[in-house]
2 protein chains.
Amino acid sequence: MNRIARIASLALAAAVASLSLPASADDAKQEAIKYRQAVFKVVGWNFKPMGAMVKGETPYDKAAFQRMADNLAFASKLALEGFAPGTDALAGETRAKDDIWKKNDDFKSKMAEFEKASAALAQAAQGGDMAAIKPAFGKTADTCKSCHKAYRED
Amino acid sequence: MNRIARIASLALAAAVASLSLPASADDAKQEAIKYRQAVFKVVGWNFKPMGAMVKGETPYDKAAFQRMADNLAFASKLALEGFAPGTDALAGETRAKDDIWKKNDDFKSKMAEFEKASAALAQAAQGGDMAAIKPAFGKTADTCKSCHKAYRED
């Protein structure tokens, strides 16, 4: 079991074990669904204002952009552990397609691409040069779209 | 305007400006509420399994604990920008008390204490010694409780 899978199973085990937490495995699965949705909320909160700056809809603010890019790079590393086995549409309200678990290696590689692109964007943001930021942002956006197309219900 | 306040206002502005986003300032306020709730979901997801390890309910796993402590330390820095002015119970479904904005300096100092305690916990986690981790975890938990008591409806 790799580290992410171990942490996901620990989180589920702790969620079942702890008194202040969901009492059943089903509740734990719902918690995992809510957790990953929360991660994507954090992703969007940081991603969207960067998009507005890249498109010129809001003025480019280097420090703010950097912080959002750093936050995105961090959040990109969190989501995967929320996709524990069995946390599909039968377990709770989610747009996650079954293919996430049927083609799990491909899903994980897409998540890794998102993580890599976000890290590159945070790196580009340090330079403060929109000519470098724009393509890095575009690449990151592509990783979102590609994964959503394959693994998220419309 | 400090950096956090600037980013919060940028996020609200971008949320209003962007086509794929909330169309009104009211919607943007609701987005801010959902954002901070998402951050606290990430906080809880990482905090609770650490608590189970500290209490001995689940076996201590150094690498997993470290990752969760790092995630918590990061998430602790995110929440504040979700508490933009006007994002109170009139703006959406939230347990945030009005005192957050009436006594905003105190609220911010409590959030800073949470951030500081979480960073110290992540530091303690590196040592892998439960004798150091346990009090650092307890201090972090105290910052949660103290802020919830003052600023969150039951």
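Reading guide: rules and limits
- Residues numbered from 1 in each chain as written.
- Chains lettered and ligands numbered in written order.
- Predicted model: local features only at pLDDT ≥ 70, side-chain atom pairs only at ≥ 80, totals over all residues.
- Heavy atoms only, no water.
- Helix = DSSP H or I, 4+ residues; strand = E, 2+ residues; numbered from the N terminus.
- Buried < 20%, exposed > 50% of the residue type's maximum accessible area, 1.4 Å probe, protein only.
- Contact = heavy atoms within 4.5 Å.
- Areas by Shrake-Rupley, 256 points an atom, 1.4 Å probe, with all protein chains shown as cover.
- Axes fitted to C-alpha atoms, helices over the stretch in contact; angles between N-to-C directions.
- Parallel < 35°, antiparallel > 145°, perpendicular 65-115°, else oblique.
- Left-handed = near helix turned anticlockwise from the far one by under 90°.
- Nonpolar A, V, L, I, M, F, W, Y, C, P; charged D, E, K, R; others polar.
- Polar contact = N/O pair within 3.5 Å; in protein donor to acceptor, adjacent residues only side chain to side chain.
- Salt bridge = Lys/Arg side-chain N within 4 Å of Asp/Glu carboxyl O.
- Core = buried A, V, L, I, M, F, W, Y, C linked by side-chain atoms within 4.5 Å.
- 1 Å grid on protein atoms, 1.4 Å probe; cavity = no way out; pocket = protein on both sides within 12 Å on 5 of 7 lines; lining within 4 Å.
- Points joined across faces, edges and corners; volume = space filled by probe spheres on them.
- pLDDT = per-residue confidence, 0-100.

Colleague: Please provide a residue-by-residue account of the overall build of chain A, values included.
Modeller: On a plain count of helices and strands, chain A comes out with 6 helices and 0 strands. Reading the secondary structure of chain A in the N-to-C direction produces α-α-α-α-α-α. Expressed as a percentage of the 154 residues in chain A, the buried residues total 50%. Within chain A, contacts between residues at least 6 apart in sequence are counted, and of these 69% link residues at least 24 apart. Entry remark: accessible area of chain A is about 7,500 Å², with carbon and sulfur atoms responsible for 54%.

Colleague: Give a description of the packing of helix H2 (residues 25-54) of chain A against helix H6 (residues 130-151) of chain A that names residues and reports values.
Modeller: Residues and elements named next belong to chain A. Here H2 crosses H6 at 135°, and the two axes come no closer than 11 Å. In terms of orientation, H2 lies oblique with respect to H6. Viewed along their axes, H2 and H6 form a crossing whose handedness is left-handed. Here H2 contributes Phe47, Met50, Gly51, Met53 and Val54 to the contact with H6, which in turn contributes Met130, Ile133, Lys134, Phe137, Thr140 and Ala141. Classifying every residue of the contact of H2 with H6 by side-chain character gives 8 nonpolar, 2 polar and 1 charged.

Colleague: I'd like to hear about the packing of H2 of chain A against helix H2 (residues 25-54) of chain B, residue by residue, with values.
Modeller: The contact between H2 of chain A and H2 of chain B brings their axes to 8 Å, and the two run at 130°. Taken together, the axes of H2 of chain A and H2 of chain B lie oblique to each other. For the pair H2 of chain A and H2 of chain B, the crossing hand works out as left-handed. Residues Glu31, Ala32, Lys34, Tyr35, Ala38, Val39, Lys41, Val42 and Trp45 of chain A of H2 of chain A form the contact with H2 of chain B, whose own contacting residues are Glu31, Ala32, Lys34, Tyr35, Ala38, Val39, Lys41, Val42 and Trp45 of chain B. Of the residues assigned to the contact of H2 of chain A with H2 of chain B, the class counts are 12 nonpolar, no polar and 6 charged.

Colleague: Give a description of the side chain of Ser76 of chain B that names residues and reports values.
Modeller: Residue and element names in this part refer to chain B. Note that Ser76 resides in the loop between helix H3 (62-75) and helix H4 (99-102). Here Ser76 falls in the buried class, since its relative accessible area comes to 2%. Of the polar contacts made by the side chain of Ser76, one reaches the backbone oxygen of Ala73; its length is 2.7 Å. Leave out the neighbours within four places in its chain, and Ser76 touches Phe114, Glu115 and Ser118.

Colleague: Talk me through the pattern of salt bridges; I want residue IDs and the actual numbers.
Modeller: Scanning all chains against the criterion turns up 8 salt bridges over all chains. Of the charged contacts, one joins Glu81 of chain B and Arg67 of chain A as a salt bridge, the two residues approaching to 2.5 Å between their closest N and O atoms. Here Glu81 of chain B is found in the loop between H3 and H4, whereas its partner Arg67 of chain A is found in helix H3 (residues 62-75) on a different chain. Glu81 of chain B sits in the buried class, given a relative accessible area of 1%. With its nearest N and O atoms 3.4 Å apart, the salt bridge here joins Lys110 of chain B to Asp106 of chain B.

Colleague: Please provide a residue-by-residue account of the nonpolar core, values included.
Modeller: Met50, Phe65 and Leu121 of chain A together with Met50, Phe65 and Leu121 of chain B are the most contacted members of the largest nonpolar core, which has 76 residues in total. Mapped by element, the contributors of at least two residues to this core are H2, H3, helix H5 (104-127) and H6 of chain A together with H2, H3, helix H5 (104-127) and helix H6 (130-151) of chain B. Contacts of Leu121 of chain A, omitting those with residues within four sequence positions, involve Met50, Phe65, Ala69, Leu72, Ile133, Ala136, Phe137 and Thr140 of chain A.

Colleague: I'd love a proper account of empty space enclosed by the protein, names of residues and values included.
Modeller: Inspection of the entire model under this criterion finds 1 cavity of 30 Å³ or more. Residue lining of the largest cavity: Val39, Val42, Asn71, Phe74, Ala75 and Leu78 of chain A together with Val39, Val42, Phe74, Ala75 and Leu78 of chain B, and that is the complete set. Elements supplying a minimum of two residues to the lining of the largest cavity: H2 and H3 of chain A together with H2 and H3 of chain B. For the lining of the largest cavity, the element with the most residues is H3 of chain A, which contributes 3 residues.

Colleague: So, the confidence of the model for chain A: which residues are in play, and what are the values?
Modeller: Keep in mind that low pLDDT regions are not for reading the predicted coordinates in detail. Per-residue confidence for chain A gives a mean pLDDT of 91; residues scoring 70 or more make up 85%. The ipTM, which scores confidence in the relative placement of chains, is 0.85 for this predicted complex, and the corresponding pTM is 0.87.

Colleague: I'd like a rundown of the environment of Ala119 of chain A, residues and numbers included.
Modeller: Residue and element names in this part refer to chain A. Here Ala119 is to be found in helix H5. When its relative accessible area of 41% is taken as the criterion, Ala119 is described as partly exposed. Along the sequence, Ala119 and Ala73 sit 46 residues apart, while their C-alpha atoms lie 5.1 Å from each other.

Colleague: Residue-level account of the environment of Gln126 of chain B, with values.
Modeller: Residue and element names in this part refer to chain B. Within the element layout of this structure, Gln126 appears in helix H5. Residues Gln126 and Phe65 lie 61 residues apart in sequence; the distance between their C-alpha atoms is 9.1 Å. Once residues lying within four places of it in the same chain are set aside, the contact partners of Gln126 are Lys62 and Gln66.

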